Amino acid sequence: MSILIKNGRVVTAESDYIADIYVEGESIVAIGKDLPYKADKTINARNKLVFPGGIDPHVHLDMPFMGTSSSDDYENGTRAALFGGTTMVIDFILQTQGDTLKNALKTWQAKSEGKAIGDYSYHMAVTDFNKKTAKEVIHMIEKEGITSFKTFMAYKGALMIDDGQMVQLMKVVRDHGGLVTVHATNGDMIDSLIAKHRAEGKLSPLYHYLSQPEVTEAEASARFADMLDYASCPGYIVHMTCEGALNAVRNATTRNQKVFVETCTQYLTLDASLYKRKDGAKWVMSPPLREKKDQVALWSGINHGLVQVVGTDHCPFTWKQKQMGKKDFSKIPNGHPAIEHRMELLFSEGVGKGRISLNKFVEVSSTNAAKIFGMYPRKGTIAIGADADLVIFNPRTRHVLSHKTHHMNADYSSYEGFKVKGKTETVLLRGQVAIDKNKCHLEAGYGQFVKRGKTSLTI
Ligand code: URP
Ligand code: ZN
Ligand code: ZN
């Protein structure tokens, strides 16, 4: 199968030019003006933007959490991602405390193999570190191509590891060329605030927000950076929400540290006033939405290179699932549906409103994730030899986000009625048309597991 994309405006993290792209099999074979190829299919991309396929490195598909499971499985979740231009996701395997990483990997392979439509990889969440785990970490890096290890500084009793385990893990990961990633919030402080609010009968979703003040994230981010420095290990902070946490990383840069930062579309576009609404449970996630001043800090962090990646932390639940916490905010499953609209929201709110450049958009939605997580240049760029993961995007199409039209398995949208300018029209995944004319043309099982290597981004 060959495809010729004609006259698109090709945008990568470094360049921006009009060209044709010729794709044969799974890869990009030629790029240039007036390419002389005859292809099985020709796509006219005149007046459209052509981006590398988006990479969302923070999703939770079919994940058991807080007494239920996130409502998108691999088939539905990766399909919804493709509709929005995200051709690859990195999901989180959760080690069960007391069990092995190997067993956790098997569980997640059973969820994804033969089911994913889009490409995927896994981060391995280490929730129980001991000598056996240390050996397994090395196996994951050297044999399985899983090179990033997620840690939680919160969710005590389920996912959290202590600082001693954290430093030991960092040393093993450092010695074998991997990366430690973190949910950086102070779990003990949060648990005590939750207990206080519950004891006072303060049980509405607003108290989810008030149980996780900015300091809980700023403190943990600084502590994580300090531990990384001590262990001489590179690290990555997931879903950063606030100015205080960003300042902790800014301080770490004075020690010339490699601390990568990811934020998510919701923290750039929504704020904590939503928790006062009757349906505030829709936005109960951890960390919570913050204030407008934090949005400004995050956009600025993107522009100044302190924030390298924009993901989603897609962890959807239906409204019925959210009702588990109808009478007590601490029982609301944490997370929201987001995988589908990451690229369009980032384009519309970022490029469309003059906050970031087109090149920066590509960098933070695709290229940097590919570099940080060891997949570049196979993924994350438009270049000869790269996977033909391409998004043909119409920057002028206006549309309105709604649960009635989205493809995620959630009966509400966090962005109901949100106006967006710019739409993903056609998506190629490894040389096949995945999305066109508002339809998905690939089947469950097309998505491949991508083995990853070492970080190649220098900051
Ligand atoms: O609320 C969230 N973020 N749910 C998913 C789990 C996590 O902490 O990332
Ligand atoms: Zn988290
Ligand atoms: Zn998450």
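Residues numbered from 1 in each chain as written. Chains lettered and ligands numbered in written order. Predicted model: local features only at pLDDT ≥ 70, side-chain atom pairs only at ≥ 80, totals over all residues. Heavy atoms only, no water.

Moving on, we come to the sheet that holds strand E14 (residues 259-264). With respect to topology, 8 strands assemble into an open sheet ordered E6-E9-E10-E11-E12-E13-E14-E15, the strand pairing being parallel. The strands lining the two open edges of the sheet, one partner per strand, are strand E6 (54-59) and strand E15 (309-311). The sheet shows a mean angle of 30° between the axes of neighbouring strands, direction not considered. In this sheet, strand E12 (residues 179-183) lies alongside strand E11 (residues 148-152) in parallel orientation, the contact comprising 5 bridges. Paired with Lys150 across the bridge in E12 is Thr181. Most of the contacts of helix H12 (residues 342-351) go to E6, to which it runs at about 110°, and overall it touches E6, strand E9 (86-94) and E15. (Pairing = 2+ DSSP bridges. Helix = DSSP H or I, 4+ residues; strand = E, 2+ residues; numbered from the N terminus. Axes fitted to C-alpha atoms, helices over the stretch in contact; angles between N-to-C directions. Contact = heavy atoms within 4.5 Å.)

On to the site of ligand 1. Near ligand 1 the following residues occur: His58, His60, Phe65, Tyr155, His183, His239, Met285, Ser286, Asp313, Cys315, Asn334 and Gly335. Within the side chain of Asp313, a nitrogen or oxygen atom sits 2.5 Å from a nitrogen atom of ligand 1. Measuring from a nitrogen atom of ligand 1, one finds a backbone N or O atom of Asn334 at 3.0 Å. Against a free-state accessible area of 260 Å², the protein chains account for coverage of 99% of ligand 1. When atoms are counted within 2 Å of each cavity's grid points, the one that captures over half of ligand 1 is the largest cavity. Partitioned by chemical class, the residues of the shell around ligand 1 number 4 nonpolar, 7 polar and 1 charged. (Near = heavy atom within 4 Å. Polar contact = N/O pair within 3.5 Å; in protein donor to acceptor, adjacent residues only side chain to side chain. Areas by Shrake-Rupley, 256 points an atom, 1.4 Å probe, with all protein chains shown as cover. 1 Å grid on protein atoms, 1.4 Å probe; cavity = no way out; pocket = protein on both sides within 12 Å on 5 of 7 lines; lining within 4 Å. Sits in = over half its atoms within 2 Å of the grid points. Nonpolar A, V, L, I, M, F, W, Y, C, P; charged D, E, K, R; others polar.)

The coordination sphere of the zinc ion (ligand 2) contains the protein donors His183 (ND1) and His239 (NE2), at a distance range of 2.1 Å. Around the zinc ion (ligand 2) sit 4 donor atoms; with metal-centred angles ranging over 56 to 151°, the donor geometry is irregular. The distance between the zinc ion (ligand 2) and the zinc ion (ligand 3) comes to 3.8 Å. Of this pair, His183 sits in strand E12 while His239 sits in the loop between strand E13 (235-237) and helix H8 (243-253), and the two are 56 residues apart along the sequence. (Donors = N, O, S within 2.8 Å, 3.2 Å for Na, K, Ca; no water. Tetrahedral: all angles 85-135°; square planar, octahedral: opposite > 155°, others 65-115°.)

Empty space left among the atoms is revealed by rolling a probe the size of a water molecule over them. Its volume calculated, the largest pocket comes out at about 500 Å³. Considering the residues around the largest pocket, the lining is formed by 27 residues, among which Phe65, Met66, Tyr155, Ala158 and Leu159 are closest to the centre. The set of elements that each furnish at least two residues to the lining of the largest pocket consists of strand E7 (64-65), helix H2 (101-112) and helix H5 (187-199). Here the lining of the largest pocket takes 4 residues from H5, the largest share from any one element. Here the residues of the lining of the largest pocket sort into 12 nonpolar, 13 polar and 2 charged. Of the volumes computed, that of the second largest pocket is approximately 230 Å³. If you go around the second largest pocket, you meet 17 residues; those closest to its centre are Glu340, Thr405, His407, Lys423 and Asn438. Mapped onto the lining of the second largest pocket, the elements with two or more residues apiece are strand E16 (390-400) and strand E17 (419-429). With 3 residues, the single largest contributor to the lining of the second largest pocket is E17. Residues that form the lining of the second largest pocket fall into these classes: 4 nonpolar, 9 polar and 4 charged. (Points joined across faces, edges and corners; volume = space filled by probe spheres on them.)

Okay, helix H10 (residues 292-303) next. With 12 residues, H10 extends 17 Å between its outermost C-alpha atoms, agreeing within 8% with the 16 Å of an ideal straight helix rising 1.5 Å per residue. Buried within H10 we find Asp294, Gln295, Ala297, Leu298, Trp299, Gly301 and Ile302. After H10 finishes, the residue Gly305 shows a positive phi value of roughly 80°. (Expected span 1.5 Å × (residues − 1). Buried < 20%, exposed > 50% of the residue type's maximum accessible area, 1.4 Å probe, protein only.)

For the chain, the assigned domains read domain 1 (2-51 + 382-394 + 422-440) and domain 2 (53-372). The gap between the C-alpha centroids of domain 1 and domain 2 is 31 Å. In this complex, domain 1 contributes 25 residues to the contact, which on the side of domain 2 involves 21 residues. With both sides pooled, the region where domain 1 packs onto domain 2 buries about 1,700 Å², and carbon together with sulfur makes up 67% of that total. Counting across the domain 1 and domain 2 interface gives 1 salt bridge. Salt-bridge contacts for Arg430 lead to Asp119; the nearest nitrogen and oxygen are separated by 2.7 Å. Viewed at the interface, domain 2 and domain 1 are joined by 6 residue pairs in polar contact (both at pLDDT 80 or more). Counting residues per element, the ones that place at least two in the side of domain 1 that touches domain 2 are strand E1 (2-11), strand E5 (49-52), E16, E17, strand E18 (432-436) and strand E19 (439-440). Residue contributions to the side of domain 1 that touches domain 2 peak at 6 residues, all from E17. Counted by class, the side of domain 1 that touches domain 2 contains 13 nonpolar, 5 polar and 7 charged residues. (Domains from an automatic or database assignment. Buried area = accessible area lost by both parts, 1.4 Å probe. Salt bridge = Lys/Arg side-chain N within 4 Å of Asp/Glu carboxyl O.)

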